[in-house]
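# Results of the structural survey
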Amino acid sequence: MLKLAATGQKVVLIERSAKMYGGSCINIACIPTKTLITSALRRHEENPAAEYFRQAVRCRDEFIAKLNSVNYGMLEGKITLIDGFARFTAPHTLAVTPSAGRPNDVTLEGVDGAKGEEFEITADTIIVNTGTIPARPEIPGIDLEGVYDSTTIQHVDPLPQRLVIVGASFVGLEFAAMFSGFGSEVTVVNRSERFLPRVDEDVAGLVQEVMESQGVRFLMGQDTKSITRKGSELAVQVGADEVFADAVLVAAGRTPATAGLGLEAAGVELDDRGFVKVDEKLRTSVEGIYAVGDINGGPQFTYLSFDDNRVLESTLLKKGNRTTADRVAVPNTTFLDPPLAMVGLTEAQARETGREIRVLAKKIAEIPVMPRPKILGKPQGMAKVIVDATSDEILGAALYCVDSQELINLVAQTMRLGGTWSSLRDGIWTHPASTEVFNGLV
């Protein structure tokens with residue numbers, strides 16, 4: 001937006017909530033949750049759990065408020081900001097309803113008396129970036145007090161002594177690790193028998209084993225049939241049994257935030273999951289309308305949303321020819337204790353390609369040349385790299401260890417640049433450093 005404005009174009013940003021400047025990552029997702037996870041990992045047994053959690057939430061809120069303010073300040077005075085809701089009434093026309101909150105001093109040609117009254121904006125270029133919201137499966141009792149989603153659970157009060165999490169998704173597991181660290185008794189219920197189905201079984205099995213050793217209980221292959229209130233408790237019907245809790249977190253994925261946008265009035269096509277269809281340049285089915293971020297149905301990672309902006313810059317400002325097809329070896333991390341980071345193919349996927357492969361895997365505790373995790377008192381986990389046996393090309397990796405969120409970027413960059421496994425294995429790394437994991441996988 002700022003780059004478009006710098007070229008002299010008139011840019012308007014319509015944000016439904018004043019609390020969301022900077023997007024989901026900064027305000028309700030990546031940053032606040034990782035802030036809480038870090039606080040949980042720092043808690044000592046002597047810290048009173050309930051008060052420690054309240055203080056952690058206060059620190060989270062203060063930090064996020066600063067980030068929100070900084071992001072608003074970056075835009076203020078450079079583009080037109082409107083707190084309110086917009087919906088399409090035609091392909092290039094939006095009906096905008098300003099909301100209460102910050103004054104909406106709209107200074108657009110042809111727009112008068114904008115405060116509190118619906119008005120129209122027309123534009124040649126419209127970018128849809130409404131993101132996703134937590135999915136709400138049809139579970140009787142999901143609307144009861146004490147049942148939360150991934151946003152609202154961050155302000156649960158008091159800290160639940162017993163927490164049931166419906167869904168063993170990556171998000172659900174992060175909250176399981178978090179609340180277990182804060183001192184809650186955590187039970188994770190998942191309808192699938194397979195734990196972490198997108199991860200190789202040896203890695204997934206170890207993740208489950210470590211989390212269980214940290215106090216998290218898993219009920220796999222079980223349906224959550226209902227949630228009812230019984231006195232001061234919530235009773236979660238799991239199969240034929242009841243699991244009692246002080247709070248329930250429903251972590252069943254996310255759905256596109258398209259309700260009320262009027263996309264049908266614009267002629268914008270959706271896919272069978274309800275996400276906005278885009279091509280490799282993020283163009284929708286309507287010329288001049290683009291969709292970026294989670295709303296376009298790609299992997300829901302902040303760094304890919306950031307890269308969407310690079311693609312848009314290339315398209316709208318005629319700077320290069322960047323597309324989403326340029327994305328190779330995109331890594332991801334789930335912030336457990338230790339974090340689980342992955343890139344490329346799993347062993348199972350690599351074998352399906354028909355290539356001859358080498359699998360290099362060791363538990364972290366068994367890698368003598370990697371002392372850093374032991375120094376930190378975190379020897380759990382394992383490292384696994386999949387290599388083409390003929391070309392020495394890295395096909396994929398799963399790193400479940402201290403600092404894996406950093407290590408995986410080195411693997412991904414090596415893959416993108418066409419480097420070999422040997423170049424990582426024989427690298428000269430500082431000592432003691434987690435990077436030495438690559439020296440130890442022989």
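Now for a look at the structure at hand. (Residues numbered from 1 in each chain as written. Predicted model: local features only at pLDDT ≥ 70, side-chain atom pairs only at ≥ 80, totals over all residues. Heavy atoms only, no water.)

### Some remarks on the overall build of the chain
Tallying secondary structure elements over the chain gives 13 helices and 21 strands in all. Dimensions of the chain along its principal axes, counting C-alpha atoms only, are 70 × 60 × 40 Å. Burial statistics for the chain: of 442 residues in total, 47% are counted as buried. For the chain, contacts bridging at least 24 residues in sequence account for 62% of all contacts bridging at least 6. By element, 51% of the accessible surface of the chain is carried by carbon and sulfur atoms, the whole surface being about 21,700 Å². Both charge centroids of the chain, one from 45 positive and one from 57 negative side chains, sit 3 Å from each other. (Helix = DSSP H or I, 4+ residues; strand = E, 2+ residues; numbered from the N terminus. Buried < 20%, exposed > 50% of the residue type's maximum accessible area, 1.4 Å probe, protein only. Contact = heavy atoms within 4.5 Å. Areas by Shrake-Rupley, 256 points an atom, 1.4 Å probe, with all protein chains shown as cover. Lys, Arg positive; Asp, Glu negative; His and termini not counted. Charge placed at Lys NZ, Arg CZ, Asp CG, Glu CD.)

### Quick word on the packing of aromatic side chains
Applying the stated criterion across every chain yields a total of nine aromatic pairs. Look at Tyr21 and Tyr72: their rings are 5.0 Å apart centre to centre, the planes differ by 85°, and that puts the pair in the edge-to-face class. Separated by 51 residues along the polypeptide, Tyr21 in the loop between strand S1 (12-15) and helix H2 (23-27) and Tyr72 in helix H4 (residues 49-75) bring together distant segments of the chain. When sorted by exposure, Tyr21 lands in the same class as Tyr72, which is buried. Relative to Phe179, the ring of Phe175 lies with its centre 6.4 Å away and its plane at 25°, an arrangement referred to as stacked. Of the two residues, Phe175 and Phe179 are both situated in helix H5 (residues 170-182); the distance of four residues between them amounts to about one turn of the helix. With a relative accessible area of 3%, Phe175 lands in the buried category. (Phe/Tyr/Trp six-rings, centres within 6.5 Å; stacked < 30°, edge-to-face > 60°.)

### Looking at the sheet that holds strand S10 (residues 217-220)
The strands making up a sheet associate through hydrogen bonds between their backbones, and the pairing can be parallel or antiparallel. Pairing in this open sheet of five strands is parallel, and the strands run S7-S14-S8-S9-S10 from one edge to the other. Edge positions in the open sheet fall to strand S7 (147-148) and S10, since each of these has one partner strand only. Strand direction decides the pairing type here: strand S8 (residues 162-166) and strand S9 (residues 185-190), joined by five bridges, are parallel. When the sheet's bridge partners are listed, Ile165 is paired in S9 with Val188. (Pairing = 2+ DSSP bridges.)

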